[in-house]
Amino acid sequence: TASAMQALSARHALLGGSPGIRTSPTARSARRVRPVAVAARSDAGPNLPGALSVADLAAPVLKSHGKTVANEIALVSAKSAAVVAKDPAKDPAPTVAGLPVTHVAGGALAAAGAALALKNIFDRPSRAYVSGPEDGGLGTVGEEYDAWTEEGILEYYWGEHIHLGWYSDEDMAKGAGTLLGSNVKNFIEAKFDFVDKMLEWSECPPQPARVLDVGCGIGGTSRHLAKRLGPNSQVQGITLSPNQVKRATELAKEQGVPNASFQVMNALAMDFPDDTFDLVWACESGEHMPDKKKYVEEMIRVLKPGGTIVIATWCQRETPPEFTDVEKENLKFLYEEWAHPYFVSIEEYVRLMEGTDKMATVGSANWVKNTIRSWRHSIWVGVWDPWPVVFKGPRIWYKTIREIVTLERMHRAFDCDLMTYGMMKGKKKPAATVNAASDTVAVGSEK
């Protein structure tokens with residue numbers, strides 16, 4: 001039905017390309033080798049949607065999707081049905097379009113009640129952070145990315161880069177990232193532009209010999225850096241997800257990128273010796289770190305004296321002023337829907353970097369203006385290209401609606417300055433002074 005088709009495009013929550021727009025070679029390659037993303041379910045049939053109850057729709061599709069809300073939805077369904085379950089009046093009653101007025105009114109009330117109840121369900125986070133790796137488990141972060149990598153939908157729409165994109169002032173003036181301007185700038189190419197801008201902003205040397213990509217995903221940034229920096233630069237990516245390492249390695253081989261390699265490793269307890277890398281790169285991995293201080297300290301520990309560190313991550317605003325009750329509720333949802341332990345401010349990241357007493361310079365910026373369009377762009381691209389989600393069935397449709405809600409709430413949080421897009425960079429002190437008790441020079445913060 002038309003309404004079902006609209007619900008399908010929901011999964012655009014994790015989406016990206018649309019028909020007729022220019023796509024990068026790597027993105028086309030990714031789509032070509034992941035046919036699973038658009039394959040119909042083998043057990044799908046013409047009557048499948050009608051064969052599933054509301055509780056079935058709420059059942060987890062992947063192990064990363066957390067606990068089912070089937071009981072809640074079943075309760076809502078029962079209450080809604082009860083509104084119209086009373087015996088009809090014995091005497092003839094007025095009708096509307098041939099239906100008794102009581103039935104019409106009851107149906108309207110049931111629909112309104114169901115809509116309100118579903119809103120309450122979607123407003124309740126379902127994937128709270130669980131620590132890992134420990135006791136043989138990956139935790140919610142590793143399991144989440146393992147599941148999405150195996151499924152293929154995320155790669156189909158977001159390409160090789162699981163992070164926000166960059167939109168120049170000129171792009172935005174032309175409507176890039178809006179519903180009608182979705183084709184102005186390719187969603188996937190915006191991510192490549194972000195990597196280029198981040199590299200330029202970092203002020204790292206032209207050809208760093210060894211580069212570490214902390215939280216590399218399926219290796220899109222690692223491979224792009226390896227290609228751009230040249231064969232004299234060796235790029236090492238690390239992630240908690242074994243499936244991401246496997247996929248990243250496959251793509252590096254397919255694309256002929258021998259100077260990019262990948263391995264499973266905990267960023268809070270890296271196996272690398274001190275002073276190993278000339279450039280330490282971390283793009284949107286800090287959000288998932290349960291110990292931000294340890295995260296920063298470990299990256300600076302493996303950075304060579306005189307080396308460059310650059311971090312991009314979602315941050316919450318600085319306090320004071322203290323968060324209002326409404327802001328606290330909004331942050332709680334953003335924490336617990338996408339497996340985030342907590343966020344910190346840009347200013348706190350700067351303090352953590354300076355607090356190591358190993359940095360010669362530290363700088364920061366807020367890139368909300370040039371990245372915020374990504375949230376809604378990921379939705380609009382799915383509207384224009386819904387078919388991979390269409391063939392996945394009602395369970396994925398339901399989960400996609402949850403993702404749309406979260407994407408929109410993320411957009412609003414960044415738009416009202418509850419959240420900020422943090423960019424931090426710095427140079428480690430030279431070897432002769434790295435252990436000296438000298439003051440850190442802080443480069444002024446930009447906005």
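Residues numbered from 1 in each chain as written. Predicted model: local features only at pLDDT ≥ 70, side-chain atom pairs only at ≥ 80, totals over all residues. Heavy atoms only, no water.

1. Considerations on the overall build of the chain
Per the secondary structure count, the chain includes 19 helices and 10 strands. For the chain, the residues scored as buried account for 52% of the 447 residues in total. (Helix = DSSP H or I, 4+ residues; strand = E, 2+ residues; numbered from the N terminus. Buried < 20%, exposed > 50% of the residue type's maximum accessible area, 1.4 Å probe, protein only.)

2. Some details on the nonpolar core
Counting residues in each nonpolar core, the largest one holds 61 residues, and the members touching the most others are Phe194, Trp281, Trp314, Trp375, Phe414, Tyr421 and Met423. Per-element accounting of this core gives the leading share, 7 residues, to helix α10 (residues 187-202). Excluding residues that lie within four positions of it along the chain, Trp281 makes contacts with Val195, Met198, Leu199, Leu212, Asp213, Val214, Thr221, Leu225 and Val310. Counting residues in each nonpolar core, the second largest holds 30 residues, with Ala267, Met270, Val302 and Val362 among its members. (Core = buried A, V, L, I, M, F, W, Y, C linked by side-chain atoms within 4.5 Å. Contact = heavy atoms within 4.5 Å.)

3. As for the side chain of Glu287
Counting through the fold element by element, Glu287 comes out in the loop between β6 (277-283) and α13 (292-302). No salt bridge is formed by the buried Glu287. Its closest oppositely charged neighbour is Lys292, at 6.9 Å. Here the side chain of Glu287 touches Ser285 through a polar contact of 3.1 Å, landing on its backbone nitrogen. Only 3.3 Å separates the side chain of Glu287 from the side chain of Thr313, close enough to count as a polar contact. The residues contacting Glu287, other than those within four sequence positions of it, are Lys292, Thr313, Trp314, His340, Pro341, Tyr342 and Phe343. (Lys, Arg positive; Asp, Glu negative; His and termini not counted. Salt bridge = Lys/Arg side-chain N within 4 Å of Asp/Glu carboxyl O. Polar contact = N/O pair within 3.5 Å; in protein donor to acceptor, adjacent residues only side chain to side chain.)

4. A closer look at the environment of Leu418
Structurally, the position occupied by Leu418 is in the loop between α19 (394-415) and β9 (419-428). A relative accessible area of 2% means that Leu418 is categorised as buried. Separated by 101 residues in sequence, Leu418 and Arg317 have C-alpha atoms that sit 5.5 Å apart. Excluding its chain neighbours within four sequence positions, the residues that come into contact with Leu418 are Cys315, Gln316, Arg317, Phe323, Glu327, Asn330, Leu331 and Ala413.

5. Things to note about the packing of α10 against helix α11 (residues 220-229)
For the pair α10 and α11, interaxial distance at closest approach is 11 Å and the crossing angle is 60°. Relative to α11, the element α10 is oriented oblique. Considering how the two elements wind past one another, α10 and α11 form a crossing that is right-handed. Residues Phe192, Val195, Asp196 and Leu199 of α10 touch α11, and the partners they reach there are Thr221, His224, Leu225, Arg228 and Leu229. For the contact of α10 with α11, a count of residues per class yields 5 nonpolar, 2 polar and 2 charged. (Axes fitted to C-alpha atoms, helices over the stretch in contact; angles between N-to-C directions. Parallel < 35°, antiparallel > 145°, perpendicular 65-115°, else oblique. Left-handed = near helix turned anticlockwise from the far one by under 90°. Nonpolar A, V, L, I, M, F, W, Y, C, P; charged D, E, K, R; others polar.)

6. Some details on the pairing of β9
Side chains on a regular strand alternate between the two faces of the sheet. Within β9, 9 of the 10 residues are buried, which leaves the element mostly enclosed by the surrounding structure. Across 9 bridges, strand β7 (residues 303-316) lies against β9 in antiparallel orientation. Paired with Thr313 across the bridge in β9 is Gly422. (Pairing = 2+ DSSP bridges.)

7. Looking at the confidence of the model for the chain
Per-residue confidence for the chain gives a mean pLDDT of 78, with 63% of residues at or over 70. Per-residue pLDDT stays below 50 along residues 1-90; that stretch engages in 179 contacts with residues further than four places along the chain or on separate chains. (pLDDT = per-residue confidence, 0-100.)

8. Thoughts on the pairing of strand β8 (residues 359-366)
In terms of burial, β8 is a largely internal element, 6 of the 8 residues being buried. As defined by bridge partners, β8 adjoins β9 across 7 bridges and the pair is classed as antiparallel. Counted as the bridge partner of Ala365 is Met423 from β9.

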